[in-house]
Amino acid sequence: MQLFQRSVYCGEVNKGFEGKEIFLAGWVHGRRDHGGVIFIDLRDRTGLVQLVFNPQVNAQATEQAHALRAEFVISVRGKVIARAPEAVNPKMPTGTLEIKVDHLSIVAIAKPLPFQLEEAEHVDEEIRLRYRYLDLRRPAMHDHIKLRHDVTFAMREYFDRLGFYEIETPMLTKSTPGGARDFLVPSSVNPGTFYALPQSPQIYKQLLMASGMDRYFQIARCFRDEALRANRQPEFTQLDLEMSFIQESDIQDICEGLIAILWKKFLGIELSLPLRRYTFDEVMARFGSDKPDMRFGLEVHDMTKLFADTELKFLKTTVAQGGKIGALCVKEKEFSRSELEHWVNTAIKGLGAKGLLYIRFNADGTSDSPVAKFLPSDFFRQAREVIPDLEPNHTLFLVAGPYLEAWSMLGKLRIELGKQLGLIDTKQWNMFWVTDFPMFEWDAETKHWNAMHHPFTSPQKDWEAMAMGDVRARAYDLVCNGEELGGGSIRIFDATAQAKVFEAIGLSPEVAQQKFGFLINALEYGFPPHGGIALGIDRLIMLFAGTASIRDVIAFPKTQSGACLMMDAPSTVEESQLKELHIKTVAKAQEKKA
Ligand code: AMO
């Protein structure tokens, strides 16, 4: 086997090479035999180029080429020639040229692949993930990986230009309460103790501000052991940044500057800046979500007052308990009875709603609804006072319950309706800030208040006199096309203020000291005002690449159940390893789910 020194990449062969001898190396992408002349599409990371083995030109190389199969690795020497006009392939960037090979070397052979690379889109994702290194050979995957490199490189350039330091923070850190569950790492040197993998570099970046670093950023890996919904991975990457002596607008301006560059460079889109700001209260009331997709309307209407005297027991109870009744009004589609039932089913089975009520108005002034006979005769007129453009043939979908719960459900239903009825303008880039988030949220399960963002977020001023549910935080999220792309806040930098927030979420001074002592102590040694944000890089690349799954833009992602199918992780370990770590397991490893 002879490995030639490669002189050019396959995809970079162009007219300038015509008539020249070149050396190529790569994978056999495809092979065709036309009456003894063999054509090979040779692939490397830059693309494809056609090789020709002609027995008239080189009998020995052509003879060897008969043995070539898909995915063999080869190295060739040959001359670049123009293809005959009828042989030009306009779909291939190198399609006007081909390489007349005079020397072939087979570098490595390959077994038939478990799936055809060209058919990967239709192959079960489990197989693709099991053989990820093969899946990654596909040009589309190469494009995603290259895009990811280009985006993070552009980020580094941007922050370097603005005087930010890129600082690495530890992967082995301390388990802290709140947020998702930690991934724990046992320490063999300190029996019975555990590190936690960082859920984000949050505390470290704040401490770097205490160290006077002033402007920090990091392309940081984060780990969260949480239920994996769509667009979530147990380990993911954030663009994390923190700045000292700033206000909300400084962080937002820096972010907008970056996304303007990224959108221009990678999508050719000129974003209109500054981005709009909406308060949490506004987006929640109008769209039932703190990350609404505003590429379509279908806003939520508050119908509570229409049911003030209702005879319907469950609505009456809801109103009596201070709950609300919200509605989506679908104008774009006249639903049949079975379609209405489909939506009730979708809400209950698919979205977890307790119920969904529909009222379809008819042209004759009547309405179709399971509760039609309980509605006042002028219900349509009354409804029109809330929804001025309401017309016969429009349908209301109603959800009743505590405000946030009912509105969140309507928000989910709104997205589903938007998708299924084709209401979303997928060509639009809809980006904005959501601000003034609640500082605390009530956890009905544990029956106590938690910090909605994190407990280092600064509440807006004079919060102590307010009811917990009314306190707003100096927090902001960046939302793009209905995805939360980033979130951040202005932090507390004063020990007394921090102690008050810990107290509000039920952390006693002793526990707070034990869990966050390092931060509390640092607050006493001259801490500058500071704030920051983190953007989800995987989600950003997913939006740029237009892929349906976050997994498509991560080289080695985990499945929905957190498994790496290629490595077969997580896995059981040797008893001796556990012994060294002073660990005994009580659960037998369950059969793994993909
Ligand atoms: P937050 O938890 O909002 O903020 O995370 C910031 C951004 O990270 C992305 N993200 C994820 N992406 C993929 N998989 C996940 N499991 C996942 N979880 C979050 C989202 C999200 O907007 N320390 C704070 C930031 C700060 O206050 O500066 C933090 O981590 O795009």
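Each value, and the rule that gives it
- Counting restarts for each chain, with residues numbered from 1 along the sequence as it is written.
- Where totals are concerned, whole chains, interfaces and linings use all residues; where local detail is concerned, this predicted model gives features only for residues with pLDDT of at least 70, and gives and counts side-chain atom pairs only at 80 or more.
- To get the side-chain values, take all heavy atoms of the structure and skip hydrogens and water.
- Where helices and strands are cited, they refer to DSSP runs of H or I of at least four residues and of E of at least two residues respectively, numbered from the N terminus.
- Contacts are assigned to residue pairs with any non-hydrogen atoms lying within 4.5 Å of each other.
- Each accessible area value is a Shrake-Rupley result obtained with a 1.4 Å probe; residue values ignore everything except the protein chains displayed when judging cover.
- DSSP calls a pair of strands paired once it identifies at least 2 bridges connecting them.
- What counts as an axis is a line fitted to C-alpha atoms, over the stretch in contact for a helix, and the angles between N-to-C directions run from 0 to 180 degrees.
- In this analysis, rings of Phe, Tyr and Trp, with Trp reduced to its six-membered ring, are considered paired at centre separations within 6.5 Å, and the interplanar angle assigns stacked below 30 degrees, edge-to-face beyond 60, and tilted for intermediate values.
- Here the term buried applies to any residue with accessible area under 20% of the maximum for its type, exposed to any over 50%, and partly exposed to those in between, with areas from a 1.4 Å probe on protein chains only.
- Only lysine NZ and arginine CZ atoms are considered, and such an atom sits over a ring when it is within 6 Å of the ring centre and within 35 degrees of the ring normal.
- Angles below 35 degrees are treated as roughly parallel, those above 145 as roughly antiparallel, those between 65 and 115 as roughly perpendicular, and all remaining angles as oblique.
- Throughout, a crossing is termed right-handed when the near helix is turned clockwise from the far one, and left-handed when it is turned anticlockwise from it by less than a right angle.
- Per the annotation, domain bounds derive from an automatic or database assignment of domains.
- Think of a 1 Å grid over the protein atoms and nothing else: a 1.4 Å probe that fits but is trapped marks a cavity, an open set flanked by protein within 12 Å on at least five of seven lines marks a pocket, and residues with an atom within 4 Å of a point count as lining.
- Grid points are joined across faces, edges and corners, and a volume is the space filled by probe spheres set on the points.
- Ten residues, namely Ala, Val, Leu, Ile, Met, Phe, Trp, Tyr, Cys and Pro, are considered nonpolar, four, namely Asp, Glu, Lys and Arg, are considered charged, and the remaining ones, Gly among them, are considered polar.
- Two cysteine sulfur atoms make up a disulfide if the distance between them is within 2.5 Å.
- We define proximity as follows: a residue is near a molecule or strand when any one of its heavy atoms falls within 4 Å of that partner.
- In protein, a polar contact means a hydrogen-donor-capable atom and an acceptor-capable atom, both N or O and within 3.5 Å, with residues adjacent in sequence counting only if both atoms are side-chain atoms; elsewhere, any N or O pair within 3.5 Å suffices.
- We call a set of buried residues a nonpolar core when its members are Ala, Val, Leu, Ile, Met, Phe, Trp, Tyr or Cys and they connect through side-chain atoms within 4.5 Å of each other.

### Focus: the overall build of the protein
Inference 1: Each helix and strand in the protein was counted, giving 15 helices and 22 strands.
Inference 2: Considered along the principal axes of its C-alpha atoms, the protein spans approximately 95 × 70 × 55 Å.
Inference 3: Intrachain contacts of the protein at a sequence separation of at least 6 include 67% that bridge at least 24 residues.
Inference 4: Surface accessibility of the protein: about 30400 Å² in total, with carbon and sulfur atoms responsible for 52%.

### Focus on the sheet that holds strand β1 (residues 21-34)
Inference 1: Here five strands make up a closed barrel; going around it, the order is β1-β2-β3-β5-β4 and the pairing mixed. Mean inter-strand twist for the sheet, computed between neighbouring axes without regard to direction, equals 55 degrees.
Inference 2: By the bridge criterion, seven bridges tie β1 to strand β2 (residues 37-44) in an arrangement that is antiparallel. Within β2, the residue paired with Asp 33 across the bridge is Ile 38.

### Regarding the packing of aromatic side chains
Inference 1: With the rule as written, the count across this model stands at 20 aromatic pairs.
Inference 2: Each ring, one from Tyr 278 and one from Phe 432, has its centre 5.2 Å from the other, and the planes form 80 degrees; the classification is edge-to-face. One end of the pair, Tyr 278, is in strand β11 (residues 276-279); the other, Phe 432, is in strand β17 (residues 431-435), and 154 residues separate them in sequence.
Inference 3: Judged by relative accessible area, Tyr 278 falls into the buried class, the value being 8%.
Inference 4: Arg 414 extends its terminal NZ or CZ atom over the ring of Phe 296, reaching a point 4.0 Å from the ring centre.

### Quick look at the packing of helix α5 (residues 202-210) against helix α13 (residues 509-522)
Inference 1: Running from N to C, α5 and α13 point in directions that differ by 20 degrees, and their axes come no closer than 10 Å. The pairing of α5 with α13 is recorded here as roughly parallel in orientation. Here α5 runs over α13; the crossing is left-handed. Packed against α5, whose contacting residues are Ile 203, Gln 206 and Leu 207, the element α13 presents Phe 516, Phe 518, Leu 519 and Ala 522 at the interface.

### Quick look at the domain arrangement of the protein
Inference 1: Parsing the protein into structural domains produces domain 1 (10-108), domain 2 (147-279 + 431-527 + 534-575) and domain 3 (296-420).
Inference 2: Of note, the centres of domain 1 and domain 3, computed from C-alpha atoms alone, are 64 Å apart.

### Examining the sheet that holds strand β12 (residues 300-302)
Inference 1: Read across the sheet, five strands follow the order β12-β13-β16-β14-β15 without closing on themselves; strand pairing throughout is antiparallel. At either margin of the open sheet sits one strand with a lone partner, and together these are β12 and β15 (367-368).
Inference 2: Pairing of strand β14 (residues 357-361) with strand β16 (residues 395-401), which is carried by four bridges, proceeds in the antiparallel orientation. Each residue of the ladder has a partner; that of Leu 357, found in β16, is Leu 398.
Inference 3: Helix-sheet contacts for helix α10 (residues 379-386) involve β12, β14 and β16, and the interaxial angle to β14 is about 105 degrees.

### Observations regarding empty space enclosed by the protein
Inference 1: Under the counting rule described, the total for this entry stands at two cavities of 30 Å³ or more.
Inference 2: Around the largest cavity sit Leu 129, Arg 132, Phe 556, Pro 557, Ala 563, Cys 564, Leu 565 and Met 566, which together line it.
Inference 3: In terms of residue class, the lining of the largest cavity is built from seven nonpolar, no polar and one charged.
Inference 4: Quantified by volume, the second largest cavity comes out at close to 30 Å³.
Inference 5: In terms of lining residues, the second largest cavity is bounded by Thr 169, Met 171, Pro 198, Ser 200, Pro 201, Gln 218, Ala 220 and Arg 221.

### A few points about the packing of helix α7 (residues 280-287) against helix α11 (residues 403-420)
Inference 1: At a closest axis distance of 8 Å, the pairing of α7 and α11 adopts a crossing angle of 65 degrees. In contact with Phe 280, Asp 281, Met 284, Ala 285 and Phe 287 of α7, α11 contributes Tyr 403, Leu 404, Trp 407, Ser 408, Gly 411 and Arg 414.
Inference 2: Looking at the contact of α7 with α11 residue by residue, the classes come out as seven nonpolar, two polar and two charged.

### A look at the state of the cysteines
Inference 1: In total, this model carries zero disulfides according to the counting rule given.
Inference 2: The cysteine Cys 255 is free of any disulfide, with Cys 480 supplying the nearest cysteine sulfur at 13 Å.

### Remarks on the site of the ligand
Inference 1: Looking at the ligand, there are 24 residues lining it, with Gln 202, Lys 205, Arg 224, Glu 484 and Arg 491 nearest.
Inference 2: A distance of 2.9 Å is found between an oxygen atom of the ligand and a side-chain nitrogen or oxygen belonging to His 453.
Inference 3: At a separation of 3.4 Å, an oxygen atom of the ligand approaches a polar backbone atom of Ile 533.
Inference 4: Alone, the ligand offers 630 Å² of accessible surface; in the complex the protein occludes 93% of this.
Inference 5: Among the elements of the structure, α5, β10 (235-244), β21 (483-490) and β22 (530-536) are those that each provide at least two residues to the shell around the ligand.
Inference 6: Top element by residues in the shell around the ligand is β21. It accounts for five residues.
Inference 7: In terms of residue class, the shell around the ligand is made up of five nonpolar, twelve polar and seven charged.

### What to know about the side chain of Thr 435
Inference 1: Summarising the element assignment, Thr 435 is placed in strand β17.
Inference 2: Engagement of the side chain of Thr 435 in a polar contact is seen with the side chain of Asp 436, the distance being 2.6 Å.
Inference 3: Setting aside its immediate chain neighbours within four residues, Thr 435 contacts Gln 252, Arg 277, Tyr 278, Thr 279, Phe 280, Ala 475 and Tyr 476.

### Digging into unusual backbone geometry
Inference 1: Note the cis peptide between Leu 273 and Pro 274, where omega equals -5 degrees.
Inference 2: Mapping Pro 274 onto the fold places it in the loop between α6 (248-267) and β11.
Inference 3: Of note in this structure, Asp 214 is not a glycine but carries a positive phi near 70 degrees.
Inference 4: Tracing the backbone shows Asp 214 in the loop between α5 and β9 (215-223).

### Details of the environment of Gln 64
Inference 1: Tracing the sequence through the fold places Gln 64 in helix α1 (residues 59-65).
Inference 2: We classify Gln 64 as partly exposed; its relative accessible area is 30%.
Inference 3: Along the chain, Gln 64 and Gly 532 lie 468 residues apart, while their C-alpha atoms are 61 Å from each other.
Inference 4: Contacts of Gln 64, omitting those with residues within four sequence positions, involve Leu 104 and Ile 106.

### Considering the nonpolar core
Inference 1: In terms of nonpolar packing, the biggest core is built from 59 residues, with Leu 356, Phe 397, Leu 413, Leu 417 and Phe 502 touching the most fellow members.
Inference 2: Ranked by the residues each element gives to this core, the list is headed by α11, at six residues.
Inference 3: When residues of this core are sorted by domain, at least three fall in each of domain 2 (147-279 + 431-527 + 534-575) and domain 3 (296-420).
Inference 4: When near neighbours in sequence (up to four residues on either side) are disregarded, Leu 417 contacts Leu 298, Leu 328, Val 330, Phe 335, Trp 343, Phe 397, Gly 422 and Leu 423.

### Considerations on the pairing of β14
Inference 1: The buried count for β14 comes to five of five residues, which makes it a mostly enclosed element.
Inference 2: Bridging between β14 and β15 involves two bridges; their strand directions are antiparallel. By the bridge assignment, Phe 361 is partnered in β15 with Ser 367.
Inference 3: Between β14 and β15, which pair antiparallel and follow one another directly, the connecting turn spans five residues, one of which, Gly 365, has a positive phi of 90 degrees.

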